[in-house]
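Remarks on the overall topology
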Amino acid sequence: MARIDTLRRFRRSFTGRLMLGILVIHFVMLPLLFGGVLYIVQQGYQNQFVLHVRLNASRFASLIIEEWETKRVQELLDDAVFSGHVVFAEATDQNGRVVADAVDQPERRDFKEDFFYDRHGDDVYYAGLPLVDRNGIRRGELRLGYDETSTEAQIALANNRGLYLAAAYVLLSFLLVFFWGKRMTRSLEHLRRASRKIASGQLEEQLEVKSDITELQDLVEDLNFMRSELMRQTASMEHLASHDSLTGLPNRMLLSDRLQQTIASSQRNQSSFAFLLMDLNDFKEINDTLGHLAGDLVLQEIAVRLRATMRRSDTVARLGGDEFAIILPAAQKKVIEIVAQKLHDVMEQTFVIENQQLQLGGSFGVALFPDHGDNSTDLMRHADVAMYEAKRIGSSCVIFRDDLVHDTLNQLTLAGELRKGIARGDMVVYYQPKIDLRTGTVRGAEALVRWQHPKRGLISPNEFIAVAERTGLIEPLTFWVIDEAMRQVKAWRQMGLQLDVAVNLSARSLHDRQLPDKIEDIVRKQGADMRWLELELTESMIVADSLRAEEILSRFHEQGIKISIDDFGTGYSSLAHLQKLPVSVIKIDRSFVMNLSDNENDAAIVRATIELGHALGLTVVAEGVEHQAALLLLQELGCDLAQGYYFAPPCPAAEFEQWYGQSSWFNRLAAN
């Protein structure tokens with residue numbers, strides 16, 4: 001059975017098939033070739049025999065006619081037969097009578113003249129020649145029979161030699177094919193093993209196959225080219241699998257691997273390291289405003305800045321979206337503070353994208369090994385918690401604390417409850433009056449949202465506004481506040497209270513191109529006037545995307561809505577912004593007003609802001625007025641309006657109406 005399998009394998013092999021092909025070719029071609037050669041040889045011998053016989057017979061006839069009268073004809077015939085080449089000889093006269101004859105065998109007396117070799121199949125060639133004397137007189141006829149067996153023997157010998165030569169040729173061909181096939185098969189087997197290595201991913205070994213066959217050498221070169229291409233593609237795929245395609249930074253998979261390695265190394269060396277998680281501020285607004293291409297350019301620029309800032313031993317990775325991570329090996333808390341400040345400074349630098357100057361910034365969360373976790377899962381989770389705490393409190397960097405886990409859980413719970421609270425109608429609007437410092441009249445009110453939680457009671461906006469912005473609930477919440485405020489201001493107008501109402505806008509809302517249309521729909525639905533509404537925006541919102549802000553605010557201005565810049569003086573805005581934007585009001589931030597009477601620098605800032613606002617034809621409002629000294633100084637500086645706890649805290653609409661009815665600020669300010 002094993003021999004049969006070996007035979008079958010050989011038959012399917014290159015050498016076996018090559019030998020089988022040679023055998024088939026020889027079986028077809030050799031008989032044709034051999035038969036043709038033998039036919040030519042046979043015809044040659046036969047023609048030579050006939051020519052020899054004719055020539056010999058002609059000479060013998062000449063000899064017979066010369067001895068015709070001497071009576072030696074019989075003797076000549078006997079000598080001819082006795083020589084062995086002639087088996088039959090007969091001379092007849094002109095009348096056909098036999099003059100003399102000689103035969104070696106009696107059965108050969110019948111004369112049958114041949115014109116071709118072996119015409120009658122009796123191994124004798126019969127030739128008849130006329131006997132003509134010198135005078136041209138025919139005396140008779142000479143009949144001779146020549147033995148063909150010697151020629152047949154020569155032909156048979158030639159056939160045998162041809163067979164031996166053909167057999168030797170076939171055998172030699174088989175041997176040459178066998179050894180040549182084996183040699184070529186060894187090269188092919190080497191290539192087969194090499195191709196298997198390539199298929200298994202072993203690409204380092206260069207193929208070295210020496211062969212005189214051009215096609216085989218070309219195949220070796222092609223396999224080497226394929227190997228090098230596979231090496232290049234494998235390296236590229238490995239890089240793509242472990243790196244972010246947009247920024248070229250390590251991705252989450254490679255970060256996880258390096259984090260595990262850093263943990264193992266720190267455990268061996270009993271050292272610590274830091275894991276930083278960074279999330280960009282207001283990145284979604286860039287995508288919504290300028291498009292995802294601009295967002296991609298920002299991410300690429302951030303990657304360049306982070307690589308340039310960090311050490312070669314640090315790992316900077318992109319986790320996805322606008323999240324980045326950094327591993328700081330052997331970093332102590334003091335080092336982390338220095339690095340965090342460097343990163344903050346880098347992120348605060350202006351990004352110039354498509355001729356737009358953008359301010360982003362980032363929020364960093366830090367987790368330390370082993371203090372905040374001894375495994376990658378805990379470190380990443382705690383850094384994430386610290387990062388969201390940094391976002392919540394407006395800090396650039398927060399190091400994880402145990403109490404943040406509880407706070408984060410509260411934030412997640414609060415986010416879920418906020419969605420239900422908005423749908424359920426748990427939100428209420430409080431109003432804080434704005435007092436005209438020249439006349440003492442109430443000119444308007446700022447609408448401030450509160451959350452009347454069914455279990456926690458009244459929740460201030462400081463606790464849930466950041467949650468609303470992070471979860472996308474800020475937009476429906478803002479529209480609800482505008483709707484409620486316009487309903488209330490219309491009711492006040494019907495009561496005779498000529499008040500306007502101001503509502504705060506978030507940065508996320510400002511980037512909605514449909515925002516002016518949506519607000520107009522809300523106002524029209526309440527049957528109110530667009531001129532009764534004032535929208536407050538912070539300086540940072542305008543600076544972040546001045547072109548979009550200019551577009552949106554211009555549409556508000558066309559609708560009759562007043563625009564107010566809130567927290568003026570804290571956002572580094574320039575006169576150029578104020579000149580371009582259709583702003584009606586600027587509000588001095590409470591941080592400059594609260595200590596106005598005790599801090600000369602604050603007083604100088606307030607004075608300059610009031611003068612600047614008036615020079616631009618703007619109304620100036622001071623926030624955070626909490627004592628009489630600040631009020632008197634604001635009046636002296638020429639401030640237009642003021643609001644703060646000194647006048648009245650934010651309160652529900654009913655309490656606001658009651659306060660308004662009892663207010664004596666006109667007389668009190670007139671007295672001052």
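Check the entry above for the structure.
Residues numbered from 1 in each chain as written. Predicted model: local features only at pLDDT ≥ 70, side-chain atom pairs only at ≥ 80, totals over all residues. Heavy atoms only, no water.

Looking only at helices and strands, the protein chain features 23 helices and 20 strands. Relative to all contacts within the protein chain whose residues are 6 or more apart in sequence, the contacts with residues 24 or more apart total 64%. For the protein chain, the exposed surface amounts to about 35700 Å²; the carbon and sulfur share of it is 53%. (Helix = DSSP H or I, 4+ residues; strand = E, 2+ residues; numbered from the N terminus. Contact = heavy atoms within 4.5 Å. Areas by Shrake-Rupley, 256 points an atom, 1.4 Å probe, with all protein chains shown as cover.)

For D122, the position within the fold is in the loop between β2 (98–103) and β3 (124–132). Spatially, the C-alpha atom of D122 lies 9.4 Å from that of D147, the residues being 25 residues apart in sequence.

Among all positions in helix α22 (residues 653–662), only A653, F656 and W659 are buried. Along α22, the residues classed as buried sweep out an arc of 120° about the axis, all on the same side. Facing away from the buried side of α22 by more than 90 degrees, the exposed set consists of A654, Q658, G661 and Q662. (Buried < 20%, exposed > 50% of the residue type's maximum accessible area, 1.4 Å probe, protein only. Arc of directions from axis to C-beta.)

Quick look at the environment of R424 now. Checked against the element boundaries, R424 lands in helix α11 (residues 403–424). Taking relative accessible area as the criterion, R424 reaches 49% and is therefore assigned partly exposed. For R424, the side chain forms a polar contact with the side chain of D426, separated by 2.6 Å. (Polar contact = N/O pair within 3.5 Å; in protein donor to acceptor, adjacent residues only side chain to side chain.)

Bringing the sheet that holds β3 into the picture now. Strands sit in the order β2-β1-β4-β3 across an open sheet of 4 strands; the sheet is antiparallel. Two strands bound the open sheet, and with one partner strand each, they are β2 and β3. Along the sheet, successive strands turn relative to each other by an average axial angle of 10°, direction set aside. Where β3 meets strand β4 (residues 138–147), 9 bridges bridge the pair, whose relative direction is antiparallel. Bridge pairing in β4 places V124 opposite D147. (Pairing = 2+ DSSP bridges. Axes fitted to C-alpha atoms, helices over the stretch in contact; angles between N-to-C directions.)

Considering the arrangement of structural elements, one finds S266 in helix α6 (residues 252–269). There is a polar contact of 2.8 Å between the side chain of S266 and the backbone oxygen of T262. Discounting residues that sit within four places of it in the chain, S266 has contacts with S271, F273 and F369.

Within this structure, the stated rule accounts for 9 aromatic pairs. With a centroid separation of 6.1 Å and 90° between ring planes, the pair formed by F49 and Y125 is classed as edge-to-face. A residue pair is termed long-range when its members are at least 10 positions apart, and F49 in helix α2 (residues 14–66) and Y125 in strand β3 qualify at 76 residues. Judged by its relative accessible area of 9%, F49 falls in the buried class. Here Y646 and F647 contribute two aromatic rings whose centre-to-centre distance is 5.9 Å and whose plane-to-plane angle is 70°, an arrangement assigned as edge-to-face. With relative accessibility at 6%, the residue F647 sits in the buried group. Aromatic ring contacts, followed pair by pair, group Y431, W492, F656 and W659 into a single cluster. (Phe/Tyr/Trp six-rings, centres within 6.5 Å; stacked < 30°, edge-to-face > 60°.)

Most of strand β13 (residues 442–453) sits out of view: 10 of its 12 residues are buried. Relative to β13, strand β12 (residues 427–436) is paired through 9 bridges, and the arrangement is antiparallel. By the bridge assignment for β13, P433 is matched with A445. Linkage of β12 to β13, two consecutive antiparallel strands, is achieved through a turn of 5 residues, within which G440 is found at a positive phi near 80°. Bridge count for β13 against strand β14 (residues 457–459) is 3 bridges, and the pairing is antiparallel.

Here we come to the nonpolar core. Grouped together as the largest cluster of nonpolar side chains are 78 residues, with contacts concentrated most on Y431, I519, L533, L535 and F556. The greatest single-element share of this core, amounting to 9 residues, is contributed by helix α13 (residues 474–495). Apart from residues no more than four positions distant in its own chain, L535 is found in contact with I482, V503, L505, I519, F556, I561, K562, I563 and S564. Core analysis: the next-biggest nonpolar cluster, separate from the first, contains 30 residues, L249, F283, V339 and L360 among them. (Core = buried A, V, L, I, M, F, W, Y, C linked by side-chain atoms within 4.5 Å.)

On to the pairing of strand β15 (residues 500–504), then. Consecutive side chains along a regular strand alternate between the two faces of the sheet. Most of β15 is tucked away, with 4 of its 5 residues classed as buried. Across 4 bridges, the pairing between β13 and β15 is parallel. The residue of β15 that forms the bridge with E446 is A502. Alignment of β15 against strand β16 (residues 533–538), held across 4 bridges, turns out to be parallel. The residue bridging A502 from the neighbouring strand is E534, located in β16.

Once that is clear, we can look at the packing of α13 against α22. The N-to-C vectors of α13 and α22 enclose an angle of 30°; their axes lie 12 Å apart at closest approach. It follows that α13 is roughly parallel to α22 by the angle criterion. Crossing of α13 over α22 shows right-handed handedness. Two secondary-structure elements touch here, α13 through Q488, W492 and M495 and α22 through A653, F656 and E657. (Parallel < 35°, antiparallel > 145°, perpendicular 65-115°, else oblique. Left-handed = near helix turned anticlockwise from the far one by under 90°.)

Just distances and angles here, no functional claims.
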